Amino acid sequence: VQLVESGGGLVQAGGSLRLSCAASGRTFSRYYMGWFRQAPGKERELVATIGSDGVTYYTGSVKGRFTISRDNAKNTVYLQMNSLKPEDTAVYYCAADYNIETHEFDYWGQGTQVTVTS
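Residues numbered from 1 in each chain as written. Predicted model: local features only at pLDDT ≥ 70, side-chain atom pairs only at ≥ 80, totals over all residues. Heavy atoms only, no water.

Turning our attention to the packing of aromatic side chains. Counted under the stated rule, the structure contains seven aromatic pairs. Taking the centre distance of 6.2 Å and the plane angle of 65 degrees together, the rings of Tyr32 and Tyr98 count as edge-to-face. Within this pair, whereas Tyr32 is found in the loop between β3 (17-23) and β4 (33-38), its partner Tyr98 is found in strand β9 (residues 90-99), the two being separated by 66 residues in sequence. A centroid spacing of 4.8 Å and a plane angle of 55 degrees characterise the contact between Phe36 and Trp108, whose relative ring orientation is tilted. In this pair, Phe36 is assigned in strand β4 and Trp108 in strand β10 (residues 104-108), connecting sequence segments 72 residues apart. Relative accessible area serves as the criterion here: at 10%, Phe36 is assigned to the buried category. (Phe/Tyr/Trp six-rings, centres within 6.5 Å; stacked < 30°, edge-to-face > 60°. Helix = DSSP H or I, 4+ residues; strand = E, 2+ residues; numbered from the N terminus. Buried < 20%, exposed > 50% of the residue type's maximum accessible area, 1.4 Å probe, protein only.)

Pairing is antiparallel across the open sheet formed by four strands, whose spatial order is β1-β3-β8-β7. Because the sheet does not close on itself, it has two edges, and the strands there are β1 (3-6) and β7 (66-71). In this sheet, neighbouring strand axes are inclined to one another by 15 degrees on average, regardless of whether the strands run parallel or antiparallel. (Pairing = 2+ DSSP bridges. Axes fitted to C-alpha atoms, helices over the stretch in contact; angles between N-to-C directions.)

On their own, these measurements won't tell you what the molecule is for.
Structure representation (structure tokens):
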């Protein structure tokens, strides 16, 4: 599985961005998908996830501002980010196919930079 993120960029605080993650493979609809981010000097953190059934999860700091969604026909997962804050600045990574044995996602994208200016 290959994951390719896009949509990152530079935006002012209060603005919006939509990240996309295009996946290869014919079993995308079965994948548990996630968005992570890593800011300079900080550990990678989970931002949001979406299951094959569409059930979503958000970390507390983005609840009400970010929305994760998926389009199985396009093999793509999205992260709509509204009301962006400078603390949202990070490299955002898409991940696919959570492995219950390793407690890790098996596949990762290359990341896309999001920079929010105050």
